Amino acid sequence: MSFTPRQLNTLLSECRIADRFKIRRMIDRARKDEKILAHAAEKIDESIQWVEKRTNRDEIHYPDLPISARRDEITKAISENQVVVLAGETGSGKTTQLPKICLDLGLGCKGLIGHTQPRRLAARTVASRIAEELNTTLGDRVGYQVRFHDQVSDTTQVKLMTDGILLAETKHDRFLEQYEVLIIDEAHERSLNIDFLLGYIKRILPKRPDLKVIITSATIDLERFSKHFNDAPIIEVSGRTYPVDVLYRPLHELEGEDEKAIDMQQGILAAVEELLDMERKQGRGPQGDILIFLPGESEIREAADLLRKADLKSVDVLPLYARLSLAEQNRVFQRGKGSVGTRIVLSTNVAETSLTVPGIKYVIDTGLARVSRYSYRSKVQRLPVEAISQASANQRSGRCGRVSEGTCIRLFSEEDFFSRPEFTDAEIRRTNLAAVILQMLSLKLGDISEFPFVDPPDNRYINDGFKLLQELGAVDSKRHITRIGWQLSKLPIDPRLGRMVIEASRNNCLREVLIIVSALSIQDPRERPQDKRQASDEKHRLYAHEESDFLTFVNLWDLYEEQRQALSQNQLRKYCLKNFLSYMRMREWRDTHRQLHIICKEIKEQDSKFIEREEPASYEAVHRSLLAGLLSHMGFKQEGKEYLGARNRRFFLFPGSIVYKKAPKWVMAAELVETSQLYARCIAKVDPVWAEKLGPHLVKKNYSEPHWEKKRSEVVATEH
Ligand code: CDP
Ligand code: MG
């Protein structure tokens, strides 16, 4: 068997991209071995057949959308450039039409058209929409892959997936050879995954000259993407939008979390009534549907209950969030089938840009979203509900100007709107860099300080991140990821908290530590109103643990569980009120706990130690585990009430803690918060000997009395 170099080139160019590189290597080796050459020829045949199954013979139809109108220009840009940035209003057809334009260009035969979405829900619905438009069944020409689920076959040309899936693929397909095109959708969201992908793709581009990349974004900060990819051309498609009337209906200014939550629900109901009334007064039947944006799943469920119970004529209340069943999700996207009257869709920010709910004429915007945010002040990562940016609020109101003129009711004031930041920050700016580094290590993305980020993080913070990872034992002194680091990378919580969970699995106290860790991930559910300090403190003292604020959480949890099982929801609310607990945060605590519990069950499949035992764990087991995440939050008592902590920081115990009175010799704290002074919040008495075992790399042993060694800024403990 022999080929001329030219024949070989033709053959190779005809086979699928992913195989080309493999066959090339085989042929190189084949100089010594005929058998390998035969094998390579076989592979070429297979590969050509694979390509032939995917020819683009069918004529593709385009619906009347702004993107379709600019097809020629977009086609030209894609064929002439390796990277194109495409921006346009939500609903202009970027997500659904771009893959079709690529197919029309003859792409998607030699390799896949990879198409990423920030959310699972979007990956699946977008795939089924494109399949429908191409007249094929899902899993045939158009498929999708999300965590735990995929529908991709060997005739698939367009593969929808979450950005997390594509990132994970880089681990075994370093040059993403199975793709001929990559569409990174919703890039303006600037999640960590998107930032990782944008950096990764930039790095492989020179080695993949045949790869086409399309970055799509809402019209936000486009120059930045273009610059990142060596001044890639930007195409901006203006959407066809109708005017949207924006009405401001601010909520009351209230203090307590629970009052605020109830007020928001009432505000939503009032807004729905106002909109339905508006229709009625104009003497028309329902003209369109209502889309309501809420911060999260529990708020959605609550509002859905309220709206269903309210006396609203002929409405259909439809929640929309990621954890719904497929059938329930589909109801939102199939208008007309079985729905009567006005549909009221309650959604998280998934419907802000990534999904189009058809038939929307009205939007009600609470102006809130749940955002993951790292506080440099308290050094914890949380998921607080926050006011959204102006850009987000405008995206939301824009959702009702698609089919005709629309109306948007904002449940906040115009003044409030203009006081908000223009854009939402990129996630990398909101995340503990230790967590970012850890993810990069587990994804094998290489050195963070050399990674081509769109917005490179500050070196100072990178060093802090590594320091913390070293303290937790997640990286070694050479900054290589350790076994603990691998485990930690699977836990999507603050690294300190994750480290506690891992240690707890070793110490048989997961039950307690999961309760504690989920409490630390949310805001303290105990309420302490200004004017009722004493009354609330009295109630809180009933389950307070004298030596540990952490065990206080466990006591509260157990007490509340008993009540929860005995009382109705209404009674439980009253119970919370009487005992100065926030009902909302108690529920959030349970939600967080449930999620952590599910993750531990997943980890248990590989590591049988992740079990929650029934029998109560000892003080030592629990606090040893917690200390694993808080080594540098240990302190040793000095003169007066002052403590000396790591890196020579001096702090005071928070007087609201019951442990304050006892003022133990050694303490650890969940948070060190800087106010007028540095305060340790959430504290417990510890034994310095525990630290020795956990952090031999941080502790020096040859002293007889525990003390602080100033020069080294390290904990120095008793040698027993
Ligand atoms: O990505 P982009 O926001 O630019 O638009 P798209 O998601 O491609 O949607 C384009 C249009 O397709 C929307 O305006 C909807 O009218 C329609 N569409 C739909 O009806 N049902 C879907 N599941 C997806 C899109
Ligand atoms: Mg889109």
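Procedures and definitions
Residues numbered from 1 in each chain as written. Chains lettered and ligands numbered in written order. Predicted model: local features only at pLDDT ≥ 70, side-chain atom pairs only at ≥ 80, totals over all residues. Heavy atoms only, no water. Near = heavy atom within 4 Å. Polar contact = N/O pair within 3.5 Å; in protein donor to acceptor, adjacent residues only side chain to side chain. Areas by Shrake-Rupley, 256 points an atom, 1.4 Å probe, with all protein chains shown as cover. Helix = DSSP H or I, 4+ residues; strand = E, 2+ residues; numbered from the N terminus. 1 Å grid on protein atoms, 1.4 Å probe; cavity = no way out; pocket = protein on both sides within 12 Å on 5 of 7 lines; lining within 4 Å. Points joined across faces, edges and corners; volume = space filled by probe spheres on them. Nonpolar A, V, L, I, M, F, W, Y, C, P; charged D, E, K, R; others polar. Axes fitted to C-alpha atoms, helices over the stretch in contact; angles between N-to-C directions. Parallel < 35°, antiparallel > 145°, perpendicular 65-115°, else oblique. Contact = heavy atoms within 4.5 Å. Pairing = 2+ DSSP bridges.

Going by the annotation in an unreviewed UniProt entry, the name recorded for the protein is ATP-dependent helicase HrpA, with Neptuniibacter caesariensis given as the source organism.

> What is the right way to read the site of ligand 1 from this model?
Taken together, Leu65, Glu89, Thr90, Gly91, Ser92, Gly93, Lys94, Thr95, Thr96, Arg129 and Thr356 form the complete shell of residues around ligand 1. Taking lysine 94, its side chain carries an N or O atom lying 2.9 Å from an oxygen atom of ligand 1. A distance of 3.3 Å separates an oxygen atom of ligand 1 from a polar side-chain atom of arginine 129. Expressed as a share of its isolated accessible area of 530 Å², the protein-covered part of ligand 1 is 83%. Per-element tally for the shell around ligand 1: the top contributor is helix H6 (residues 94–104), with 3 residues.

> Even after reading the chapter, I still don't get the layout of surface pockets, so can you show me in this structure?
Rolling a probe over the atoms, with the probe sized like a water molecule, indicates the empty space that remains. Space inside the second largest pocket adds up to approximately 1500 Å³. Taken together, 44 residues make up the lining of the second largest pocket; nearest its centre are Asp524, Arg526, Glu527, Arg528 and Arg681. For the lining of the second largest pocket, the secondary-structure elements that each account for two or more residues are helix H11 (257–281), helix H20 (510–521), helix H21 (533–541), helix H22 (549–566), helix H23 (569–578), strand E22 (666–674) and strand E23 (678–685). Counted by class, the lining of the second largest pocket contains 15 nonpolar, 9 polar and 20 charged residues.

> What am I meant to see in the packing of helix H17 (residues 459–472) against helix H19 (residues 495–506) here?
The packing of two helices is summarised by the inter-axis angle and the distance between the axes. Running from N to C, H17 and H19 cross one another at 10°; their axes reach a closest spacing of 10 Å. Considered as vectors, H17 and H19 are oriented roughly parallel to each other. Residue-level inspection shows Leu468, Glu471 and Leu472 of H17 in contact with H19, the latter providing Pro495, Arg496 and Arg499. Looking at the contact of H17 with H19 residue by residue, the classes come out as 3 nonpolar, no polar and 3 charged.

> I'm lost on the environment of arginine 119 in this one. Help?
Tracing the backbone through its elements, the reader meets arginine 119 in the loop between strand E2 (112–117) and helix H7 (120–133). Discounting residues that sit within four places of it in the chain, arginine 119 has contacts with Thr162, Glu189, Asn349, Val350 and Ser354. A distance of 2.9 Å separates polar atoms of two side chains, one belonging to arginine 119 and the other to glutamate 189.

> It is not clear to me how the pairing of strand E20 (residues 642–645) should be interpreted in this structure. Could you clarify?
Every other side chain in a regular strand lies on the same face of the sheet, so the side chains alternate between the two faces. Alignment of strand E19 (residues 634–637) against E20, held across 3 bridges, turns out to be antiparallel. Along E20, the bridge assignment pairs phenylalanine 636 with leucine 644. Linking E19 to E20, which pair antiparallel, is a turn of 4 residues; within it glycine 640 sits at a positive phi near 65°. Strand direction decides the pairing type here: E20 and strand E21 (residues 650–653), joined by 3 bridges, are antiparallel. Note that in E21 the partner of leucine 644 across the bridge is arginine 650. Counting the residues that bridge the hairpin from E20 to E21 gives 4 residues, and of these arginine 647 lies at a positive phi of roughly 50°.

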